[in-house]
Amino acid sequence: MADDLDALLDEVETKFCRLQALGAAGKRDRGGGEEAAGERDRSAKILTKAVVDEEDIDDIIKDIIDESSFSKKPVKMKSKSASPTSERNSASIQAHGKSCCPVYLGGSSTPCGIGTNISQRTCDQLRCTACDFHVSHYNDYQWDKSCDYLFFRNNMPELSKLRAKMIKKKGSRAYACQCSWRSIDALTDLRTDRQLRWVCGKHVE
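Residues numbered from 1 in each chain as written. Predicted model: local features only at pLDDT ≥ 70, side-chain atom pairs only at ≥ 80, totals over all residues. Heavy atoms only, no water.

Colleague: Could you give me a rundown of the overall build of the chain, with the residues and numbers involved?
Modeller: Looking only at helices and strands, one finds 4 helices and 8 strands in the chain. Along its sequence from the N terminus, the chain presents helices and strands in the succession α-α-β-β-β-β-α-α-β-β-β-β. By residue count, 23% of the 205 residues in the chain fall in the buried class. Within the chain, counting contacts between residues at least 6 apart in sequence, those at least 24 apart form 60% of the total. Total accessible area on the chain stands at roughly 15200 Å², and carbon and sulfur atoms take up 55% of it. (Helix = DSSP H or I, 4+ residues; strand = E, 2+ residues; numbered from the N terminus. Buried < 20%, exposed > 50% of the residue type's maximum accessible area, 1.4 Å probe, protein only. Contact = heavy atoms within 4.5 Å. Areas by Shrake-Rupley, 256 points an atom, 1.4 Å probe, with all protein chains shown as cover.)

Colleague: Which residues make up the sheet that holds strand β2 (residues 126–128), and what values go with them?
Modeller: What the 3 strands build is an open sheet, ordered β3-β2-β8; its pairing is antiparallel. Strands with a single pairing partner mark the edges of an open sheet, and in this sheet they are β3 (133–134) and β8 (198–200). Note that β2 and β3 share 2 bridges and pair antiparallel. By the bridge assignment, R127 is partnered in β3 with H134. (Pairing = 2+ DSSP bridges.)

Colleague: Kindly report on the confidence of the model for the chain, identifying the contributing residues and their values.
Modeller: Per-residue confidence for the chain gives a mean pLDDT of 76; residues scoring 70 or more make up 54%. Within the model, pLDDT remains below 50 along residues 78–95, and this stretch shows 4 contacts once partners closer than five positions in the same chain are excluded. (pLDDT = per-residue confidence, 0-100.)

Colleague: Would you mind going over the packing of aromatic side chains in detail, with residue names and values included?
Modeller: Remark: the centre distance and the inter-plane angle together describe each pair of aromatic rings, the angle taken between the planes. Here the structure, examined in full by the defined rule, presents 5 aromatic pairs. Seen from their ring centres, Y138 and W143 are 6.1 Å apart, and the 85° between their planes marks the pair as edge-to-face. For the pair shown, Y138 and W143 are each scored as buried. When the centroid spacing of 4.9 Å and the interplanar angle of 85° are considered together, the rings of W143 and F152 count as edge-to-face. A relative accessible area of 5% places W143 in the buried class. Pairwise contacts between aromatic rings join Y138, W143, F151, F152 and W181 into one cluster. Positioned over the ring face of F151 is K165, at 5.1 Å from the centre of the ring. (Phe/Tyr/Trp six-rings, centres within 6.5 Å; stacked < 30°, edge-to-face > 60°. Lys NZ or Arg CZ within 6 Å of the ring centre and 35° of its normal.)

Colleague: Can you lay out unusual backbone geometry for me, pointing to particular residues and giving the numbers?
Modeller: Cis geometry marks the peptide bond from C101 to P102, where omega comes out at 0°. Residue P157 is bonded to the preceding M156 through a cis peptide linkage, with omega at 0°. Among the structural elements, P157 can be located in the loop between α3 (149–155) and α4 (159–162). We note that D132 has phi near 55°; this positive angle belongs to a residue other than glycine.

Colleague: An account of the sheet that holds strand β4 (residues 136–143) is needed here, citing residue identities and associated values.
Modeller: Judged by pairing direction, the sheet is antiparallel, and its 3 strands sit side by side in the order β4-β5-β6 without closing on themselves. The open sheet has two edge strands with one neighbour each: β4 and β6 (181–184). In this sheet, adjacent strand axes meet at a mean angle of 35° when their direction is disregarded. Two strands pair when backbone bridges link them, and β4 and strand β5 (residues 166–176) are joined in this way by 7 bridges, in the antiparallel orientation. What sits directly across from Y141, in β5, is K168. (Axes fitted to C-alpha atoms, helices over the stretch in contact; angles between N-to-C directions.)

Colleague: If you had to explain the nonpolar core to someone new, which residues and values would you point to?
Modeller: Among the nonpolar cores identified, the biggest contains 27 residues, and L105, L126, W143, F152, L162 and W198 are the most heavily contacted of them. Secondary structure elements with two or more residues in this core: β2, β4, α3, β5 and β8. Broken down by element, the residue count for this core peaks at 4 residues, all from β5. In this structure, L126 is in contact with V103, L105, H134, V135, Y175, W198, V199 and C200, ignoring residues within four places of it in sequence. (Core = buried A, V, L, I, M, F, W, Y, C linked by side-chain atoms within 4.5 Å.)

Colleague: Describe in detail the side chain of N155, supporting the description with residues and values.
Modeller: In this fold, N155 is placed in helix α3. Looking at N155, the relative accessible area reads 14%, which means it is buried. Within the structure, N155 has its side chain in polar contact with the backbone oxygen of F151 (distance 2.9 Å). Residues in contact with N155, not counting those within four places in the same chain, are K161 and L162. (Polar contact = N/O pair within 3.5 Å; in protein donor to acceptor, adjacent residues only side chain to side chain.)

Right, dumping it as structure tokens:
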């Protein structure tokens, strides 16, 4: 009788322990599954947040690039049509490049202008390279023979003082700077008078 009771208790204990073991294992499995599911949810949330953050970063970078491109884009100013003043200045600069070649002197009957081999005009823009003074000329006059260097040095270009030694002569032209002077009646190539240091100062048409 005692042996049968012991055997029954052993069987109950064995079954009870087995049920406890199975319950614990199931609980662990359920807990592990819930834990794994929670872990998966957290991972999904993190990944979703990372994707959103990455998209936000991409948008920010794109905005920065667009702003940089806009700031570096050259601004095209609306071109204004050239004003008459600038056109006149350009024309004047171009005209200043024209010189006589060769340079002519002449009497009052010879027209003034830009002298060439074809168009033989007397230069009215003469400048002396010795005294760096503009060469003045006076139509229908010639210089008195008593003129000297000091007279022109002290009186040029005041016509009122120069008249003291100017002689009226039709067809003649009196030239003078502060160091040289000539009375010319006919067309003369300046190269033939080697004592003169006169050159064409360039013309404006």
